[in-house]
Each structure stands twice: as structure tokens, then as C-alpha cells.
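A closer look at the structure
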Amino acid sequence: MYVAVMDNIFLLVLVTLLSVVQNVFFALKVEKECTGQHSKNHSEAFERLSCANRNCMDTYPTFLAVLWCAGICLSQAPAAFAGIIYLVVRQKYFVGYLGQTCQSTPGFLFGKRILFFLSLMCVVGIINHLMLTYGGSDYKEYIQTITKIVSTLLLLP
Amino acid sequence: MYVAVMDNIFLLVLVTLLSVVQNVFFALKVEKECTGQHSKNHSEAFERLSCANRNCMDTYPTFLAVLWCAGICLSQAPAAFAGIIYLVVRQKYFVGYLGQTCQSTPGFLFGKRILFFLSLMCVVGIINHLMLTYGGSDYKEYIQTITKIVSTLLLLP
Amino acid sequence: MYVAVMDNIFLLVLVTLLSVVQNVFFALKVEKECTGQHSKNHSEAFERLSCANRNCMDTYPTFLAVLWCAGICLSQAPAAFAGIIYLVVRQKYFVGYLGQTCQSTPGFLFGKRILFFLSLMCVVGIINHLMLTYGGSDYKEYIQTITKIVSTLLLLP
């Protein structure tokens, strides 16, 4: 049983690990900024870094939940792929946020498209499971192929 | 194996998806408030929305962890039911928080009763597992029936 | 199947429950401080409690994710042991933070060593899984023994 479980989740574990490394990177950035400069323009730069970090952290549980649900319900490869793209978008967001002076458009939600794609994968997986249980027909193979193709569309800017 | 796993978690996945949709709804509300009005009473309303959103986000990982543990350890139907009630309470909390001017009682912990119920489900599930392993007796059927009945008590205001 | 799953996760569920209890304890502390004293030195003490609570909450999803990944990928006993040490460190952090007046070194990241240990467990677990799949050799027994021994090193201050 153990090998079967690991086969279905090890890509998700890898993406989760990458996201944890990124979280630690963000937190270290904030900590360095916080302890580094004390007097001049301290508060503003720190405020911005801290805000960017907080926005990232606020959406992190949502991202993890959708990632794992999508990976378990349907198939792990497209979910992990979308997860990696999300991490890239988050990195861009964090770096881009620092250069931005105006705080009126923080963009609380970045990566909406990826979250939407992962949620859709969950819904499709659940519908497929219900059809399998009550109808007896199994379209899992087709759906997984379609999902893999569609997931490449996330690369479009 | 796959179908057996999905049978035991698909309700939990559904509740998780609903909570994600609610999170996105909250974040969009905050974003709209943040970009919408710039000058007058901007800061106060935004401050309140942002605070309500933050309180919701702070307890979100706790809720997810207890929900899934309870669902996996004991049985998913009562856990998912309690999860849906929690989402309703959170919606009420978010909407009610907006109308409240005084910030001195933010109510960091809403839905304490539901979190307590889900934690209790985890504990009962673990005790039952230990009794099954070391004692050989299995009361899972009875406990699941009792849990389903008790979960309806959460509907009381 | 159910018993096999529970055998592999019930320690993780216990640690998760403990962490939830700790979260609720932190939130109640903040709530009590918030509603307790209204006028004098209200803002400072509340600010500090709220900040400590927020730092704890920000790293909570990261901790949960690494804990469960390490527990599922490799073995649950060392992961749960590291998790309990993390909870003790967090309690010390929260209590120590309250006595600290200066806010310039909040220490966003506490328990770095434990997070690093858990991440390492995940990586080792994935490498072992890949070797098992593609190479046919299984060192899981040895690795689990080594991990148990290494995990006691976390007790060093």
C-alpha cells in the first residue's frame, strides 16, 4: 500500500517542499530588512516587505489545500505543474511588490487563474468519482489526458 | 485502492473547495474596498475589512487541519457537516464585523463550538483506533452513529 | 485499509491536535488582552501579543505541511517527535516575546532547525521512493532507524 500512496503524491510533496523553501526565503528577507537598517526609511521598506510577505502567507493555506485536493482527486502531474507555476508567480509578485511605492493596489489575489484551474480539477475529479460510483462509467483516463494538455495553457502570460 | 480513498474524502474535498471559494470572495471584497475609494473614510472601512479578513485567514489553517483529521480519523459526513456550519458562521462573522464600528472586541475566535466538536471527533477516533489495535474491540459503528446524531446539535444557536 | 492508514498517521493527528489547542490558547490570550484593559498601555501590550500571535500563525501552515509530508514520506514517530519539540519552542517564543519591549528583532523564524530537519526527512523519503521504484533497492528500514537516532539531536539546545 505504501508504495502506491507514495506514487500518487511524491510530486505534490516536492512542490510543497519548494513552497516551504520559498516561505523561509520570504521570512528571512523580512527578518533581514527588519534588523538591518534601524533609523532612516526603515519603516517604509519594512512595511512594504512585511505587507508582501503577509499577502503571500494569507493565500498560502488556500493554495496548499487546492493543490493537494486537485492532486489527490484527479492526477498529480498537472496539479504539481500548476503549483510550480504558482510559485513562480508568487516569486514575481514578491519581488515586484518591493519596487512598488503606492500601496493602494496590493493585489491581494495573485495567481487567480491557477487557483481556478486547480479548483476546476477538484470539481472534475469529484464529478468523475460520483459518476464512477453511481453510473459505472469511468472517464478518468480521458480526463487526465485532457487535464495535462489544458495545464500547459497556464504557461500563457 | 483509489476508489476507496475517494469514497472516504470526497465530502471533505467539497467542503474545502467551498471554503476556498469563500476565501477568494473575502479577498476580492478587501481588494475592491482597497482600490475603490481613495480619499474619504478610506482607511477606516478598509482597516475593518482587512482586519476581518485577517482574523478569518488566521484561523483557516487550524480549521482545515481539524476538519481533515476528524474526517479521516472518524467519519467524513459529520465532519463535513460541521465544516459547512463553520463556513456559515464565518460568513456571518465577516458580514457582521463590517457593520461594527468599535474595534475593541474583534472576536478572534468564532466557531469555538465547532472547532471543539471536530477536535473531540479526532480524539474519539484515535482512542477507538488504539482500542482496536491493543484491545481488539471495535466500536466504530456505534461511535459513527452517535457522532452523526450529536453533529445535528451544532445547529442549535 | 482503514487500520493501515490510521497506524501510519495517528501520531501526526495527535501532534496536530496539540498544535490546534495551542493556537486556541494563543488566540484566547490575544482576545483577553484586547477586551481586558481599555485605556492605559493598552495598545502596546496588545500590539506585542498580536504581533507574536501573527508570527506564530504565519508559520503555522508551513509547519503543518512539512510535518505531514515528513510523516507520510518517511516515518511518523520522528516527525511527531520533532513536531512536539516545535510546539515547545513556539510556546517559549510566544511567552518570551511578551516580555520583550524592543520590536526590532521579532524573530520571524523560530524553530528553523526543526523545519530543516523535517524538510530533510521529506527529501530523504522521496529519494528513497525513487530508488525503490527505479533501482529496486529499499533502504527504508535503515533510514528510519537513523532518523529516529538523529531526531534526538533536536533536544540539544
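Residues numbered from 1 in each chain as written. Chains lettered and ligands numbered in written order. Predicted model: local features only at pLDDT ≥ 70, side-chain atom pairs only at ≥ 80, totals over all residues. Heavy atoms only, no water.

**Section: the side chain of Arg54 of chain C**
Relative to the helices and strands, Arg54 of chain C resides in helix H2 (residues 42–73). Despite its burial, Arg54 of chain C remains without a salt bridge, the nearest opposite charge being carried by Asp58 of chain B at 4.4 Å. Not counting chain neighbours up to four residues away, the residues in contact with Arg54 of chain C comprise Arg54 of chain A together with Arg54 and Asp58 of chain B. (Helix = DSSP H or I, 4+ residues; strand = E, 2+ residues; numbered from the N terminus. Buried < 20%, exposed > 50% of the residue type's maximum accessible area, 1.4 Å probe, protein only. Lys, Arg positive; Asp, Glu negative; His and termini not counted. Salt bridge = Lys/Arg side-chain N within 4 Å of Asp/Glu carboxyl O. Contact = heavy atoms within 4.5 Å.)

**Some thoughts on the side chain of Thr147 of chain A**
Secondary-structure assignment places Thr147 of chain A in helix H5 (residues 140–152). Once residues within four sequence positions are removed from consideration, Thr147 of chain A is found in contact with Leu74, Pro78, Phe117 and Met121 of chain A.

**Side note on a nonpolar patch on the surface**
All names here are of chain A. Taken together, the side chains of Val123, Ile127, Met131, Tyr139, Tyr142, Ile146, Val150, Leu153 and Leu156 make up a nonpolar region of the molecular surface, amounting to roughly 830 Å² of accessible area. Listing elements by their share of the nonpolar patch, those giving two or more residues are helix H4 (112–135) and H5. For Ile146, the location among the structural elements is in helix H5. You can call Ile146 exposed: its relative accessible area is 52%. (Patch = residues over 30% accessible without salt bridge, like charges linked within 9 Å, V, L, I, M, F, W, Y side chains within 5 Å. Areas by Shrake-Rupley, 256 points an atom, 1.4 Å probe, with all protein chains shown as cover.)

**Quick notes on the packing of helix H4 (residues 112–134) of chain C against helix H5 (residues 140–151) of chain C**
All names here are of chain C. The N-to-C vectors of H4 and H5 enclose an angle of 175 degrees; their axes lie 11 Å apart at closest approach. Classified by the angle their axes make, H4 and H5 are roughly antiparallel. Here Phe117, Met121, Val124 and Asn128 of H4 come into contact with H5, specifically with Lys140, Ile143, Thr147, Val150 and Ser151. Split by residue class, the contact of H4 with H5 holds 5 nonpolar, 3 polar and 1 charged. (Axes fitted to C-alpha atoms, helices over the stretch in contact; angles between N-to-C directions. Parallel < 35°, antiparallel > 145°, perpendicular 65-115°, else oblique. Nonpolar A, V, L, I, M, F, W, Y, C, P; charged D, E, K, R; others polar.)

**Structural notes on the packing of aromatic side chains**
Residue and element names in this part refer to chain A. On inspection of all chains with the given rule, the structure shows 9 aromatic pairs over all chains. Relative to Phe26, the ring of Phe25 has its centre 5.9 Å away and its plane inclined at 50 degrees; by these criteria the two rings are tilted. You can call Phe26 buried: its relative accessible area is 0%. (Phe/Tyr/Trp six-rings, centres within 6.5 Å; stacked < 30°, edge-to-face > 60°.)

**Considering the nonpolar core**
Counting 100 residues, the largest nonpolar core has Val13, Trp68 and Leu118 of chain A, Leu118 of chain B together with Leu118 of chain C as the members making the most contacts within it. Among the elements that line this core, the one with the most residues is helix H2 (residues 42–73) of chain A, at 10 residues. Sequence-distant contacts of Leu118 of chain A, defined by excluding residues within four places in its chain, comprise Val66, Leu67, Ala70, Ala79 and Ala82 of chain A. (Core = buried A, V, L, I, M, F, W, Y, C linked by side-chain atoms within 4.5 Å.)

**A few points about the UniProt feature "transmembrane region" (unreviewed entry) in chain A**
Per the UniProt entry, the sites bearing "transmembrane region" (unreviewed entry) are residues 63–89 and 114–132 of chain A in this numbering. For the annotated span residues 114–132 of chain A, helix accounts for 100% and strand for 0% of the residues, and the straight-line distance between the end C-alpha atoms is 27 Å. (UniProt positions renumbered as here; feature names shortened; annotations may be inferred.)

**Describing the environment of Thr59 of chain A**
Residue and element names in this part refer to chain A. Along the chain, Thr59 falls in helix H2. By relative accessible area, Thr59 is classed as buried at 10%. Considering only alpha carbons, one finds Thr59 and Leu130, 71 residues apart in sequence, at a separation of 29 Å. Side-chain polar atoms of Thr59 contact the backbone oxygen of Cys56, separated by 3.2 Å. (Polar contact = N/O pair within 3.5 Å; in protein donor to acceptor, adjacent residues only side chain to side chain.)

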